[in-house]
Amino acid sequence: MLHLSRHNHFKGLKVINFRFTSKVLQNEVDEAILNLYIQELEPRHNVTITDDHFTINLQVNRVTRNSQGNKASVPYAESSIKLTKKDLKVGKWLKVNVTTMVAEFFRLPRENLAIVVRVQDSKNRMSLVVPHPSSETNNAVMPYIEVSLRDNSHKRTRRTIGMDCTENTKEVRCCRYPLSVNFEEFGWDWIIAPKQYDANYCSGECPYSFLQKYPHTHLVHLAAPQGSGGPCCAPRKMSSISMLYFDHDFNIIYGTIPGMVVESCGCS
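One structure accompanies this document, and this report is about it. (Residues numbered from 1 in each chain as written. Predicted model: local features only at pLDDT ≥ 70, side-chain atom pairs only at ≥ 80, totals over all residues. Heavy atoms only, no water.)

We now examine the overall build of the protein. Looking only at helices and strands, the protein has six helices and 16 strands in total. Out of the 268 residues in the protein, the part that is buried amounts to 39%. Considering only intrachain contacts with a sequence separation of at least 6, the fraction spanning at least 24 residues in the protein is 69%. When the accessible surface of the protein is split by element, carbon and sulfur atoms take 50% of a total near 16200 Å². (Helix = DSSP H or I, 4+ residues; strand = E, 2+ residues; numbered from the N terminus. Buried < 20%, exposed > 50% of the residue type's maximum accessible area, 1.4 Å probe, protein only. Contact = heavy atoms within 4.5 Å. Areas by Shrake-Rupley, 256 points an atom, 1.4 Å probe, with all protein chains shown as cover.)

Here we come to the pairing of strand S3 (residues 28-40). Of all 13 residues in S3, 10 are buried, a share of seventy percent or more. With six bridges connecting them, S3 and strand S6 (residues 92-97) associate as antiparallel partners. Across the sheet, the residue bridging to Ile 38 is Lys 92, located in S6. Inspection of the sheet shows S3 paired to strand S8 (residues 128-129) by two bridges, in the antiparallel sense. Counterpart to Gln 39 in the pairing with S8 is Val 129. (Pairing = 2+ DSSP bridges.)

To continue, consider the packing of aromatic side chains. Counted under the stated rule, the structure contains 10 aromatic pairs. By way of ring pairs, the aromatic residues Phe 183, Phe 186, Trp 188, Trp 190, Tyr 197 and Tyr 245 are connected into one cluster. (Phe/Tyr/Trp six-rings, centres within 6.5 Å; stacked < 30°, edge-to-face > 60°.)

Time to look at the pairing of strand S15 (residues 233-246). The pairing of strand S12 (residues 191-193) with S15 spans two bridges and is antiparallel. If you follow Ala 193 over to S15, its bridge partner there is Leu 244. Alignment of S15 against strand S16 (residues 252-267), held across 12 bridges, turns out to be antiparallel. Residue pairing for S16: Cys 233 is matched across the bridge by Cys 267. The turn joining S15 and S16, which pair antiparallel and follow one another in sequence, is formed by five residues; a positive phi near 65° is taken by Phe 250.

Right, let's talk about the nonpolar core for a bit. Among the nonpolar cores identified, the biggest contains 34 residues, and Phe 20, Leu 34, Leu 36, Val 60, Leu 113 and Ile 115 are the most heavily contacted of them. Dropping the residues within four chain positions of it, Leu 36 is found in contact with Ile 16, Leu 58, Lys 92, Trp 93, Leu 94, Val 96, Val 117, Val 130 and Pro 143. (Core = buried A, V, L, I, M, F, W, Y, C linked by side-chain atoms within 4.5 Å.)

On to a nonpolar patch on the surface, then. Together, Phe 186, Trp 188 and Trp 190 give the surface a local cluster of nonpolar side chains, amounting to about 340 Å² of exposed area. As for its position among the elements, Phe 186 is in the loop between strand S11 (180-182) and S12. (Patch = residues over 30% accessible without salt bridge, like charges linked within 9 Å, V, L, I, M, F, W, Y side chains within 5 Å. Salt bridge = Lys/Arg side-chain N within 4 Å of Asp/Glu carboxyl O.)

The next point concerns the environment of Ser 122. One can find Ser 122 in the loop between strand S7 (113-121) and S8. On a C-alpha basis, the gap between Ser 122 and Asn 57 in space is 6.1 Å, while along the polypeptide they are 65 residues apart. Those residues in contact with Ser 122 that sit more than four places away from it in its chain are Thr 55 and Asn 57.

What follows covers the sheet that holds S15. Spatially, three strands are ordered S12-S15-S16 in an open sheet, and the strand pairing comes out antiparallel. The sheet is open, and its two borders are formed by S12 and S16, each paired with just one other strand. The sheet shows a mean angle of 50° between the axes of neighbouring strands, direction not considered. (Axes fitted to C-alpha atoms, helices over the stretch in contact; angles between N-to-C directions.)

Right, dumping it as C-alpha cells:
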C-alpha cells in the first residue's frame with residue numbers, strides 16, 4: 001500500500017500531507033516506511049567543503065495540535081546517515097521507519113497525516129531540501145510512504161483453500177509453494193516499490209482423489225481427446241499487488257497489477 005504527498009507550510013518548513021482511505025484505515029499497520037529524496041540546494045558562498053563523506057541528521061515530526069488547539073510538532077523518528085558528496089549533489093533516496101507514527105494515526109485518524117522533515121549535515125555547512133524543488137513539477141522525487149497492513153482474516157481464509165507446502169515438504173500432490181521475486185535481480189530498476197514480493201507457485205501431481213472434486217476435469221481426462229493432457233496443478237485463485245514505478249517520462253505511477261500472487265492451487 002503506497003501513499004503520496006501534498007504540501008503546505010509550517011514554521012518555515014514544508015508540511016507533507018498523506019491521506020488514507022477509510023477502507024485502509026480499518027486495518028492494523030504492520031510496518032510503515034517513509035521514502036524521502038535528499039539533495040543539496042546550492043553550495044554556500046565562501047564555504048569550501050573538502051570532505052568526501054557527510055553525516056546527515058534527519059528528523060521526522062508529526063504536526064498535530066496541543067491542548068490549546070495550536071499546531072505543534074512532535075518528533076517520531078530521528079537518525080544519522082552517512083552520504084557522499086556525489087549523493088548530495090545528484091540526490092539520494094532515504095528510508096525512514098515511521099511505523100509507530102502511522103499506527104497511532106490509524107488508531108485515531110484525522111483528515112491528513114501531516115509531517116515535517118528537518119534535515120541538515122552535522123556541521124550545518126550546506127542547505128539540504130526534502131523534496132527537491134523540481135518535485136513541484138516532477139513527481140519522480142515526491143515523498144511517499146510504503147504501508148504494510150495486517151490482514152489476519154485473509155490469512156485464515158487462505159489456509160482452508162488448497163494446500164500450502166514448503167520446499168522441504170514431501171508432498172507429491174498439487175500444492176502451493178512459496179516463491180519470492182526480486183525485481184532488482186531482473187534489472188527492473190524502474191520499479192520503485194515493492195522491490196521484492198511473494199509471488200508463490202503451484203506444483204505437484206493430480207491423482208484420482210483430486211479429480212473427484214472436479215468432475216469435468218475427470219471426464220475430459222477419461223475421454224482423452226486429441227491434444228489434451230492429463231490434469232495439471234495450476235493456480236485457482238490469484239490476487240493483485242500495488243506497485244509504484246516510473247513511466248517513460250520518469251513520472252511516478254501508482255497502480256494495482258492483477259494476477260501477481262498465487263493464493264491457492266488446484267487440479268484442472
